[in-house]
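# Observations on the three-dimensional arrangement
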Amino acid sequence: EAVDAPAAPPDMAPAALFESVGWVAMHSDLADPDRTSVYFKSSPYGAYSHSHADQNSFTLHARGRPILIDAGYYDYHGSPHGRAFYRQTRAHNAITHDDGQGQRDGDRGAGGRIVEFRHSDRVDRVTGDATAAYGGALTRALRTVIFLRPHHVVVYDALAAPQPRRWEWNAH
């Protein structure tokens, strides 16, 4: 006999900040299985152990399908694919520069932080600061994601570097 999935509590907000781990989840309607969902990461834990070099990255799902995803695959710990792509900034929906240069991997100090989170009935807004994750290559790495319920997402990046850079906006 099929069992229905549990329903979200009726008083639960469709967006939440998980401050201790640096994650934000924003949904159009938690009760709708065809909802639009945006997940944003700017974590203080850096890119060490199970964490990737993906501060200020986000994923997007709509109507039960992944739209913007984390790319690559996990095959085994320390694999060439994992080291060269899967864990790297360029495998995520995040900013790189100068032909795929990104955040430091394998570094606890390569973290981010949520500097603003606002939730209302129609609009959610999150801003992350990933400047430290770039190890001095950038002097500012701020990303703001605005979710206009039910289906629109706006992404705004504020970037600066001590020398000229060619910016790359990765989307998978």
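Data block above holds the structure.
Given the structure is predicted, the values throughout are model-derived calculations rather than measurements. (Residues numbered from 1 in each chain as written. Predicted model: local features only at pLDDT ≥ 70, side-chain atom pairs only at ≥ 80, totals over all residues. Heavy atoms only, no water.)

### With respect to the overall build of the protein chain
The helix and strand inventory of the protein chain stands at one helix and 11 strands. Along the protein chain, from the amino end to the carboxyl end, the secondary structure elements read β-β-β-β-β-α-β-β-β-β-β-β. Its C-alpha atoms give the protein chain principal-axis dimensions of roughly 55 × 35 × 25 Å. For the protein chain, the residues scored as buried account for 40% of the 172 residues in total. Sequence separation of at least 24 residues holds for 51% of the intrachain contacts in the protein chain that already meet a minimum separation of 6. Accessible area for the protein chain stands at about 9,700 Å²; split by element, carbon and sulfur atoms hold 53% of it. Taken as two groups, the 18 positive and 20 negative side-chain charges of the protein chain have centres that lie 7 Å from each other. (Helix = DSSP H or I, 4+ residues; strand = E, 2+ residues; numbered from the N terminus. Buried < 20%, exposed > 50% of the residue type's maximum accessible area, 1.4 Å probe, protein only. Contact = heavy atoms within 4.5 Å. Areas by Shrake-Rupley, 256 points an atom, 1.4 Å probe, with all protein chains shown as cover. Lys, Arg positive; Asp, Glu negative; His and termini not counted. Charge placed at Lys NZ, Arg CZ, Asp CG, Glu CD.)

### What about the pairing of strand S1 (residues 15-18)?
Working note: regular strand, side chains alternate between the two faces of the sheet. For S1 and strand S2 (residues 23-27), the ladder comprises four bridges, and the chain directions are antiparallel. The residue of S2 that forms the bridge with Ala16 is Ala25. With antiparallel pairing between neighbouring strands as the criterion, S1 and S2 make up a hairpin whose turn holds four residues, including Gly22 at a positive phi of roughly 75°. (Pairing = 2+ DSSP bridges.)

### Describing a nonpolar patch on the surface
A contiguous nonpolar surface patch, about 400 Å² in accessible area, is contributed by Phe18, Val21, Trp23 and Tyr45. Tracing the backbone shows Tyr45 in the loop between strand S3 (36-41) and strand S4 (57-62). (Patch = residues over 30% accessible without salt bridge, like charges linked within 9 Å, V, L, I, M, F, W, Y side chains within 5 Å. Salt bridge = Lys/Arg side-chain N within 4 Å of Asp/Glu carboxyl O.)

### Some words on the side chain of Gln103
Tracing the backbone shows Gln103 in the loop between strand S6 (95-97) and strand S7 (113-119). Among the polar contacts listed, one links the side chain of Gln103 to the backbone nitrogen of Gln55, at a separation of 2.8 Å. A polar atom in the side chain of Gln103 sits 3.3 Å from the side chain of Tyr134. The residues contacting Gln103, other than those within four sequence positions of it, are Ala53, Asp54, Gln55, Thr89, Ala130, Ala133 and Tyr134. (Polar contact = N/O pair within 3.5 Å; in protein donor to acceptor, adjacent residues only side chain to side chain.)

### A word on the sheet that holds strand S10 (residues 152-160)
Backbone-to-backbone hydrogen bonds join strands into a sheet, with any given pair of strands oriented parallel or antiparallel. Spatial ordering of the open sheet is given by S7-S8-S9-S10, a layout of four strands whose pairing is antiparallel. Unpaired on one side and paired on the other, S7 and S10 mark the two borders of the sheet. For this sheet the average axis-to-axis angle between neighbouring strands, irrespective of direction, equals 10°. Looking at chain direction, S7 and strand S8 (residues 123-129) are connected through six bridges and run antiparallel. Across the sheet, Phe117 pairs through a bridge with Val126, a residue of S8. (Axes fitted to C-alpha atoms, helices over the stretch in contact; angles between N-to-C directions.)

Taken by themselves, the reported measurements are silent on function.
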